[in-house]
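What the coordinates show
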Amino acid sequence: MEYCLQLKSIRKSKKLTQAELAHRIGVSERIVGGWERGETAITLEDAYNCAVALDCTPNDLCGWPEGK
């Protein structure tokens, strides 16, 4: 199963900057940028932390429909 990380679009829909999201989850802005550009793989723990910070599910971040 393939996925397309929806981090940037979800972050923007919540009106957060990369710096604000990074601060909420305890990583650098550079790391968030790398995830959004697909340059760096995101760990499950970091994906979970992003989902909590963005009030969404890890499935939402991966672009997977409900129930997958």
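Data block above holds the structure.
Parameters at a glance
Residues numbered from 1 in each chain as written. Predicted model: local features only at pLDDT ≥ 70, side-chain atom pairs only at ≥ 80, totals over all residues. Heavy atoms only, no water. Helix = DSSP H or I, 4+ residues; strand = E, 2+ residues; numbered from the N terminus. Contact = heavy atoms within 4.5 Å. Buried < 20%, exposed > 50% of the residue type's maximum accessible area, 1.4 Å probe, protein only. Salt bridge = Lys/Arg side-chain N within 4 Å of Asp/Glu carboxyl O.

Now for the side chain of D46. Topologically, D46 is positioned in helix α4 (residues 44-54). D46 has contacts with V27 and W35, leaving out every residue within four places of it along the chain.

Quick look at helix α3 (residues 29-37) now. Each α-helix turn comprises 3.6 residues. Residues three or four places apart therefore point the same way. Looking at α3, one finds that the buried residues are V32, G33, G34, W35 and E36. On its buried side, α3 packs onto α1 (7-13), α2 (18-25) and α4. After α3 finishes, the residue G38 shows a positive phi value of roughly 75°.

This structure, assessed with the given rule, holds 2 salt bridges. The partner of R11 in a salt bridge is E36, with the nearest N and O atoms 2.6 Å apart. Within this pair, whereas R11 is found in helix α1, its partner E36 is found in helix α3, the two being separated by 25 residues in sequence. Exposure class is identical for R11 and E36. Each is buried. In this structure, E39 engages R37 in a salt bridge whose closest nitrogen and oxygen atoms are separated by 3.2 Å. The burial state of E39 is the same as that of R37; both residues are exposed.

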